Amino acid sequence: MVLQKVDLLKNEIPFEEESVVFSEDVKTGLVLVDIINGFCTVGAGNLAPREPNRQISEMIIESSRLATVFCDNEWPIMAFLDSHHPDKLEHPYPPHCITGTDESNLVPALQWLEREPNVTIRRKDCYDGYLGSMEEDGSNVFVDWVKTNQIKTLLVVGICTDICVLDFVCSTLSARNRGFLSPLEDVVVYSRGCATFDFPVSVARNTKDDIAHPQELMHHVGLYMAKGRGAKIAREVSFGAPEKP
């Protein structure tokens, strides 16, 4: 029944997914959004999955694969890690990914990135990595990363498709449209490299003040909204030789 409803939704709000080939002569940056224990590792915290989850597992595998390609080629990577002070809660969610705990660290499959020179790690205290990159002096770590590396295309993966990934993509596209992120041109969201959490209606009905969050449906909605803001949605990504003049 749930899958039938998701199929109905997809028919009502469809979007086109592309097969994207990244040319080696177009500077591309990879952004990893919150692929951390607190959102991905079973039993790691209040917002972690309670049991193994296929969508999250595939997201980790695909993100690790892409990160390996980028590190082998010494291409730029930025990893956002959700990290909150215990006295600054993020309504409406319970305490999660507290600074200094293992919840706010990369999942085991990606911890090797901490040793890679082409990787910039940014701990953020809000949904949106763009806003979470603001410094007290008004500078922005993410904006500086784009400009320093002369990035023209962003490839975005991570969790949650409809929350932190979507918020970051929307802010980035708005900043690009205003001319704040030159030379950035395109933002690509890789659907198989993204995931969201599962809180089905059957559980939400019996939980006070919580709202349902069916995984497949909200994953689709997140991608649909990103597409509507101007992102490209990729069903598969690959890397090719430099474009011919």
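About the thresholds
Each residue is numbered by its place in its chain's sequence as written, counting from 1. Only residues with pLDDT of at least 70 get local features here, since the model is predicted, and only at 80 or more are side-chain atom pairs given and counted; chain-wide, interface and lining totals rely on the full set of residues. Note: side-chain values were computed over all heavy atoms of the structure, leaving out hydrogens and water. Numbering of helices and strands runs from the N terminus, with a helix taken as a DSSP run of H or I at least four residues long and a strand as a DSSP run of E at least two residues long. Each radius of gyration reported is based on C-alpha atoms, and the globular scaling rule is 2.2 Å times the count of residues to the power 0.38. Think of it in three bands: residues with accessible area under 20% of the maximum for their type are buried, residues over 50% are exposed, and the middle band is partly exposed, with areas taken using a 1.4 Å probe on protein chains only. Contacts are assigned to residue pairs that have any heavy atoms within 4.5 Å of one another. All accessibility values rest on the Shrake-Rupley procedure with a 1.4 Å probe; residue burial counts only the protein chains present in the view. None of His or the chain ends enter the tally, which takes Lys and Arg as positive and Asp and Glu as negative. A charged residue contributes its charge at one atom only: NZ of Lys, CZ of Arg, CG of Asp or CD of Glu. Computed over the protein atoms alone on a 1 Å grid, cavities are sets of points where a 1.4 Å probe fits but cannot get out and pockets are open sets with protein on both sides within 12 Å along at least five of seven lines; a residue lines them when it has an atom within 4 Å of a point. Grid points are joined across faces, edges and corners, and a volume is the space filled by probe spheres set on the points. Each residue gets one of three labels, nonpolar for Ala, Val, Leu, Ile, Met, Phe, Trp, Tyr, Cys and Pro, charged for Asp, Glu, Lys and Arg, and polar for the others, Gly among them. For this analysis, a polar contact is any N or O atom pair within 3.5 Å, provided that within protein one partner can donate a hydrogen and the other can accept it, and provided that sequence-adjacent residues contribute only side-chain to side-chain pairs. Only strands joined by at least two bridges in the DSSP assignment are considered to pair. The axes used here are C-alpha line fits, helices contributing only the stretch in contact, and every angle between their N-to-C directions lies in the interval 0 to 180 degrees.

## Here we look at the overall build of the chain
Secondary structure summary: the chain contains seven helices and seven strands in total. When the helices and strands of the chain are read in sequence order from the N terminus, they spell out α-β-β-α-α-β-β-α-β-α-β-α-α-β. At 18 Å, the chain has a C-alpha radius of gyration in line with the 18 Å of a compact globule built from 245 residues. Referenced to the eigenvectors of the C-alpha coordinate spread, the extents of the chain come out at roughly 60 × 45 × 35 Å. Sorting the 245 residues of the chain into buried and exposed places 47% on the buried side. Intrachain contacts of the chain at a sequence separation of at least 6 include 75% that bridge at least 24 residues. Looking at the chain as shown, the accessible area adds up to about 12400 Å², and 51% of this sits on carbon and sulfur atoms. Of note, the chain has its 23 positive side-chain charges centred 3 Å away from the centre of its 36 negative side-chain charges.

## Focus: empty space enclosed by the protein
Scanning all chains against the criterion turns up one cavity of 30 Å³ or more. In this structure, the largest cavity spans a volume of roughly 40 Å³. Lining the largest cavity are His84, His85, Lys88, Leu89, Glu90, Tyr93, Pro94, Pro95, His96 and Ile98. Among the residues forming the lining of the largest cavity, the class breakdown is five nonpolar, three polar and two charged.

## Considerations on the environment of Asn177
Tracing the chain through its elements places Asn177 in helix H5 (residues 164-177). By relative accessible area, Asn177 is classed as exposed at 53%. C-alpha of Asn177 to C-alpha of Gly230: the two residues are 53 residues apart in sequence and 9.9 Å apart in space. At a separation of 2.8 Å, a polar atom in the side chain of Asn177 contacts the side chain of Arg176.

## A closer look at the sheet that holds strand S2 (residues 28-33)
Read across the open sheet, the seven strands follow the order S1-S7-S6-S5-S2-S3-S4; overall the sheet is parallel. Only two strands of the sheet have a single partner each, and these edge strands are strand S1 (18-23) and strand S4 (119-124). Recorded for the sheet is a direction-independent mean angle of 35 degrees between the axes of neighbouring strands. Examined bridge by bridge, strand S6 (residues 186-195) and strand S7 (residues 232-240) share three bridges and lie parallel to one another. Looking across to S7, one finds that Val189 is bridged to Ile233. This element, helix H4 (residues 141-148), spans S2, strand S3 (77-82), S4 and strand S5 (153-159) of the sheet and lies at about 170 degrees to S3.

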